[in-house]
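Structural characterization, general
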Amino acid sequence: MTPPLPVENGVFEDWPAHLAEVWGRVPTRTRHRLHTQPLMSMAALADLIDAYPRRHYSLIHMGARQERRFWREGDLGGLKGADVIACIAEGRMWLNLRRVDEVDGRYGDMLHGAYDAIAAQVPGEPMFNTSMGILISSPHAQVYYHCDLPGQALWQVHGRKRLFIYPNRAPFLTPESLEDIALFGVEVDMPFEAWFDDYATVVELEPGDMAHWPLNAPHRVENQGMLNVSITSEHWSASIARGHRVNVANALLRHRFGLTPRSRATAGPAYWTKAALQAALRRSSWVTRQRAARRPVEFRLDPAKPGRIADLQPALP
Ligand SMILES: [Fe+2]
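Definitions and cut-offs
- Residues numbered from 1 in each chain as written.
- Predicted model: local features only at pLDDT ≥ 70, side-chain atom pairs only at ≥ 80, totals over all residues.
- Heavy atoms only, no water.
- 1 Å grid on protein atoms, 1.4 Å probe; cavity = no way out; pocket = protein on both sides within 12 Å on 5 of 7 lines; lining within 4 Å.
- Points joined across faces, edges and corners; volume = space filled by probe spheres on them.
- Helix = DSSP H or I, 4+ residues; strand = E, 2+ residues; numbered from the N terminus.
- Nonpolar A, V, L, I, M, F, W, Y, C, P; charged D, E, K, R; others polar.
- Axes fitted to C-alpha atoms, helices over the stretch in contact; angles between N-to-C directions.
- Parallel < 35°, antiparallel > 145°, perpendicular 65-115°, else oblique.
- Contact = heavy atoms within 4.5 Å.
- pLDDT = per-residue confidence, 0-100.
- Buried < 20%, exposed > 50% of the residue type's maximum accessible area, 1.4 Å probe, protein only.
- Pairing = 2+ DSSP bridges.

**Digging into empty space enclosed by the protein**
- On inspection of all chains with the given rule, the structure shows 1 cavity of 30 Å³ or more.
- Its volume calculated, the largest cavity comes out at about 30 Å³.
- It is helix 5 (residues 105–119) that contributes the most residues to the lining of the largest cavity, 3 residues altogether.
- Looking at the lining of the largest cavity residue by residue, the classes come out as 7 nonpolar, no polar and no charged.

Written out as structure tokens, the structure is:
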């Protein structure tokens, strides 16, 4: 028998009681209702894109080649939101609208309602610094193998996609990869082998499905043959934040000072030294330069040709 709906604010269609036992420990899928919200209609999303701040979006083009690493970052080129969505529907790209909850408070209310619903169901540390992104992506688009730093969930809104989730430990995830992501914010250069798939949990997502997985678990996504819209949500907790400080400090030791970190402790003197180190240096000009060099903007959408892009001249060093 299906249990009564335990989530009073209606974010979830159903929330089986046993989810509290496995939440964050293994990949999970549950049913939500965010895809039925007017804010997630194509018309509302087009309006959202119309005024989206440049600093809060990424447009990634995957090129004609099939190589896994062949992707470039670009610019919307001033197109109207509806035209941007048409371009994506015809092209091979994905648009990541970051911090949607900050850009438009109506989406912020949606996010907070969703996390209130989760927090009411799962025990553990308080979640804070929640953030919401909307990912609009082309038919058959892929998000390559990567991992994210905060706790994460993926809420499918339109279209269908296949999510591959891998164990959050070596060889799938190494300390070096995690530290580089923490310091430089570039998460797509993680080593990947085809046989990793033998150890992946594969989750098929359709509108109304939400997936959640263990912290830092690498994952990749393959769209089915239609335009896709998904919400990505993330959260921090005290222990996630402590681990992040260690990752940033270890990356600084490795790259800035040529040292090999020997500890990943999140308590004690070694931890507090690293917490101070990363606080002092994580926004330094050296880090800013290293980040910029790792992520240039190389194209913009071409208003005359939906689905096409125009190359930008590479910036001079
Ligand atoms: Fe991700």
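**Observations concerning the packing of helix 6 (residues 175–184) against helix 7 (residues 238–255)**
- In contact at an axis separation of 8 Å, helix 6 and helix 7 are set at 95° when each is read in the N-to-C sense. As far as their axial angle goes, helix 7 and helix 6 are roughly perpendicular. Listed contacts from helix 7 to E176, L178, E179, D180, A182, L183 and F184 of helix 6 are H244, N247, V248, N250, A251, L252, R254 and H255.
- Tallied by class, the residues present in the contact of helix 6 with helix 7 amount to 7 nonpolar, 4 polar and 4 charged.

**Brief notes about the confidence of the model for the protein**
- Looking at the protein, the pLDDT average stands at 85 and 84% of residues meet or exceed 70.
- Between residues 1–7, whose pLDDT stays under 50, and residues either more than four places distant or in other chains, the model counts 11 contacts.
- Here residues 313–317 is a poorly scored stretch, pLDDT under 50, and it has 0 contacts once near neighbours within four places are set aside; other chains count.

**Examining the pairing of strand 6 (residues 142–146)**
- Counting buried residues in strand 6 gives 4 out of 5 residues, a clear majority hidden from the surface.
- Of the strand pairs in this sheet, strand 6 and strand 11 (residues 219–223) are connected by 3 bridges, and their pairing is antiparallel. Its bridge partner being in strand 11, H146 is matched across the sheet by H219.

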